Every structure is written in C-alpha cells, then in structure tokens.
Amino acid sequence: MNITGSVAFVTGGNRGLGARLVTELLARGAEKVYVGARDTGSVAPDAAADPRVRVVALDVTDDASVAAAAKAAPDVTLLVNNAGVLGFGSVLDGDLDVFERDMRTNYLGALRVARAFLPALRRASGGATIVNVLTLIALAPMGPMAGYSASKAAAHSMTQALRAAVAADGIAVVGAYPGGIDTDMLVGVEAAKADPATVAARILTAVAAGDPVVWPDDASAGAGAVYVTDPAALERMLAG
Ligand SMILES: NC(=O)c1ccc[n+]([C@@H]2O[C@H](COP(=O)([O-])OP(=O)(O)OC[C@H]3O[C@@H](n4cnc5c(N)ncnc54)[C@H](OP(=O)(O)O)[C@@H]3O)[C@@H](O)[C@H]2O)c1
C-alpha cells in the first residue's frame with residue numbers, strides 16, 4: 001500500500017521502535033498518524049506538535065481502552081501493532097505471572113487491537129494493512145526469554161491466521177521479525193542491536209512493497225535466511 005496519504009495508528013507509539021515508526025510515517029507523507037500510548041503525556045513534544053499527529057490513550061490489554069481508541073480513530077488504513085513487553089525467564093523456572101503478562105500483551109493485546117480496527121480497515125477504499133511487530137525469536141526461542149518467545153510465537157501464528165481471514169477484505173497482513181533493536185527493551189543486554197530508525201524504515205518499505213514478511217535488520221535478515229532453509233538450524237543457533 002501507499003504510505004503517502006495513509007492514515008496510520010501505531011500502538012506503543014510514544015517511545016522505542018514505535019516512536020521511530022511515527023517519525024518515518026510522517027516523513028513518508030502519511031496524512032494522519034494516531035499515536036497510541038498508555039500515558040498520553042509520554043509522547044515526545046515534537047511528535048505531538050505535528051499537525052498530522054493525534055495522540056490516543058491506549059492500553060492493549062484493556063477491552064474498553066481498545067474499543068475507545070478504535071472509536072477515536074475511525075479512518076485508519078494502516079494499523080501497526082507495535083506495543084510489546086519483554087519479561088525474562090527460562091522455560092524451567094521463569095515466573096508464570098510474567099509469562100502470562102507477555103502473552104496478554106504481545107499476543108492477546110495485538111489480536112484485540114486488530115479485531116477492534118477491522119471495521120475501519122474494511123472501509124478503506126484503497127486497501128489497508130495491518131503490521132504485527134513480532135521478533136526473530138518468535139520462530140525459535142532464546143532460553144532466557146522463553147515466555148516472551150512463546151508470546152511472540154502465538155502472535156506469529158495469529159498473524160498467519162489473520163492474513164488468511166482478512167485477505168478477501170483487501171487487508172494485507174505483514175509480519176515483521178526483527179533481531180535485537182537498540183531500545184529500552186534491551187537495556188543491559190549485551191547483544192548486537194539495530195538502530196530503531198533503520199528497523200522502522202525497512203518495515204515501512206515492506207508495507208509499501210506489499211511484502212507479507214519482513215526481516216527489518218541485517219541480523220534478522222541473515223537468521224531469517226537460515227530459518228527459511230532449515231528451521232532446526234535456527235533453533236540450534238538461538239539455543240546456543
Ligand atoms: N527491542 C528489541 O530488541 C526488539 C526486538 C524484536 C522485536 N521487538 C518488538 O518491537 C516492539 C517495540 O518494542 P521496543 O523495542 O520499542 O520496546 P520499548 O522501548 O520497551 O517500548 C515498548 C512500547 O510498548 C508499549 N506498551 C507496553 N505494554 C503496553 C500496553 N499494555 N498497552 C499499550 N502499550 C504498551 C510501551 O508503552 P509504555 O511507555 O507505556 O511502557 C512502549 O511504548 C515490541 O513489540 C517488541 O516486542 C523489540
């Protein structure tokens with residue numbers, strides 16, 4: 001779809017990758033960008049001051065909040081399910097409350113938002129797109145992030161189911177599978193981390209091209225190539 005002239009909604013658009021997606025959408029000529037944020041006061045003043053930006057309160061785990069956000073943004077043509085949380089813990093002894101929170105946010109939250117925005121997306125005359133920001137480790141887990149990996153694996157499956165379910169409505173569904181990104185989420189973690197601006201740009205380039213799957217940084221592109229040819233090899237690689 002054409003980013004120029006689109007009306008986008010970015011969940012968790014106040015910081016991290018979401019904030020970079022907002023900047024990139026504006027740079028590419030989006031007509032309007034709704035910035036979903038739990039705390040509307042946390043959106044950077046320069047972003048909030050753009051006349052094309054509308055800040056909307058949104059907690060993706062809360063039915064009423066999601067319904068109110070969808071009502072406040074009835075003209076959305078491009079939904080970006082970006083909001084997410086990462087809890088650490090291994091499959092053997094990770095805190096199940098933390099695993100459950102990640103599942104509620106990363107899987108059920110993204111699904112709840114997608115469902116709420118479907119009426120608007122179906123109304124879009126020039127076609128519409130949903131982007132689900134997943135992660136490379138949705139496809140093979142990392143041991144210390146077992147609960148997060150599982151929540152994103154569920155969101156990956158949901159992405160595929162949604163793609164089939166809304167294709168006839170003219171809605172494209174894009175799965176984005178980044179590797180590590182340099183945001184608050186990975187503070188204190190020693191790893192290669194991509195620039196969130198680069199990741200945002202590559203995701204939107206994929207949306208514009210109509211690609212259903214995007215590996216938006218060099219590390220994920222390399223690992224993605226391994227996954228496509230030999231999924232068990234990626235599992236061994238990440239387990240190590
Ligand atoms: N960083 C990485 O290495 C990496 C790699 C692959 C994929 N990802 C994915 O990229 C996406 C963005 O992550 P990030 O790196 O930008 O992380 P981040 O800097 O921690 O930002 C997370 C964003 O999600 C929002 N959020 C969390 N729970 C929410 C909820 N219940 N309702 C609404 N918003 C909520 C946060 O809002 P608050 O400000 O209110 O907390 C914040 O805006 C996530 O889906 C993440 O899983 C990240």
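Residues numbered from 1 in each chain as written. Predicted model: local features only at pLDDT ≥ 70, side-chain atom pairs only at ≥ 80, totals over all residues. Heavy atoms only, no water.

Enquirer: How would you explain the overall build of the protein chain if you had to name every residue and give the values?
Expert: Scanning the protein chain for helices and strands turns up eight helices and seven strands. At 17 Å, the protein chain has a C-alpha radius of gyration in line with the 18 Å of a compact globule built from 240 residues. Taking the principal axes of the C-alpha coordinates as reference, the protein chain spans close to 45 × 35 × 30 Å. Here the analysis covers contacts within the protein chain between residues at least 6 apart in sequence; of these, 65% occur between residues at least 24 apart. Summed over all atoms, the accessible surface of the protein chain reaches about 10,700 Å², with 55% contributed by carbon and sulfur. Side-chain charges of the protein chain comprise 19 positive and 24 negative groups, with the mean position of each set lying 6 Å from the other. (Helix = DSSP H or I, 4+ residues; strand = E, 2+ residues; numbered from the N terminus. Rg over C-alpha atoms; globule rule 2.2 N^0.38 Å. Contact = heavy atoms within 4.5 Å. Areas by Shrake-Rupley, 256 points an atom, 1.4 Å probe, with all protein chains shown as cover. Lys, Arg positive; Asp, Glu negative; His and termini not counted. Charge placed at Lys NZ, Arg CZ, Asp CG, Glu CD.)

Enquirer: Kindly report on the pattern of salt bridges, identifying the contributing residues and their values.
Expert: This structure, assessed with the given rule, holds nine salt bridges. Taking the shortest distance from any N to any O, the salt bridge between D102 and R101 comes out at 2.9 Å. Of the charged contacts, one joins R122 and D169 as a salt bridge, the two residues approaching to 2.8 Å between their closest N and O atoms. Placement of the pair is R122 in helix 4 (residues 96-123) and D169 in the loop between helix 5 (146-166) and strand 6 (171-176), with a sequence separation of 47 residues. The partly exposed category is assigned to R122, whose relative accessible area is 45%. D169 sits in the partly exposed class, given a relative accessible area of 32%. (Salt bridge = Lys/Arg side-chain N within 4 Å of Asp/Glu carboxyl O. Buried < 20%, exposed > 50% of the residue type's maximum accessible area, 1.4 Å probe, protein only.)

Enquirer: Mind laying out the packing of aromatic side chains, listing which residues take part and the relevant values?
Expert: This model, assessed by the stated rule, comprises three aromatic pairs. Their ring planes at 20 degrees and their centres at 5.9 Å tell us that F9 and Y34 sit as a pair that is stacked. With F9 in strand 1 (residues 7-10) and Y34 in strand 2 (residues 32-37), the pair connects residues that are 25 residues apart, well separated along the chain. Accessibility classification places F9 together with Y34 in one group, the buried group. (Phe/Tyr/Trp six-rings, centres within 6.5 Å; stacked < 30°, edge-to-face > 60°.)

Enquirer: Got a sec to walk through the nonpolar core? Specific residues and values, please.
Expert: By size, the foremost hydrophobic cluster in this structure holds 29 residues, and its most contacted members are L17, L21, L25, V33, L78, V131 and I203. Secondary structure elements with two or more residues in this core: strand 1, helix 1 (16-27), strand 2, strand 4 (78-81), strand 5 (128-133), strand 6 and helix 6 (196-209). For this core, the element with the highest residue contribution is helix 6, accounting for six residues. Aside from chain neighbours lying at most four places away, what touches V131 is L78, L79, V80, N81, V174, I203 and V207. Among the nonpolar cores identified, the runner-up in size contains 27 residues, and A70, L79, V113 and A128 belong to it. (Core = buried A, V, L, I, M, F, W, Y, C linked by side-chain atoms within 4.5 Å.)

Enquirer: Outline empty space enclosed by the protein, supporting the account with residue identities and numerical values.
Expert: Over the atoms rolls a probe the size of a water molecule, and in doing so it shows where empty space is left. Overall, the coordinates contain one cavity of 30 Å³ or more when judged by the stated rule. Approximately 90 Å³ is the volume attributed to the largest cavity. What lines the largest cavity is a set of 14 residues, and nearest its centre among them are N81, A83, N106, A110 and V133. Among the secondary structure elements, those contributing two or more residues to the lining of the largest cavity are helix 4, strand 5 and helix 5. For the lining of the largest cavity, the element with the most residues is helix 4, which contributes four residues. Partitioned by chemical class, the residues of the lining of the largest cavity number six nonpolar, seven polar and one charged. (1 Å grid on protein atoms, 1.4 Å probe; cavity = no way out; pocket = protein on both sides within 12 Å on 5 of 7 lines; lining within 4 Å. Points joined across faces, edges and corners; volume = space filled by probe spheres on them. Nonpolar A, V, L, I, M, F, W, Y, C, P; charged D, E, K, R; others polar.)

Enquirer: I'd like to hear about helix 3 (residues 63-72), residue by residue, with values.
Expert: Those residues of helix 3 lying buried are S65, V66, A69 and A70. Buried positions in helix 3, seen along its axis, are confined to an arc of 130 degrees and lie on one side of it. Exposed side of helix 3, more than 90 degrees from the buried face: D63, A64 and K71 are the residues found there. Elements in contact with the buried residues of helix 3: strand 1, strand 3 (53-57) and helix 4. The residue sitting at the N-terminus of helix 3 and contributing the capping side-chain oxygen is D62; that oxygen lies 3.0 Å from the backbone nitrogen of A64. (Arc of directions from axis to C-beta. Polar contact = N/O pair within 3.5 Å; in protein donor to acceptor, adjacent residues only side chain to side chain.)

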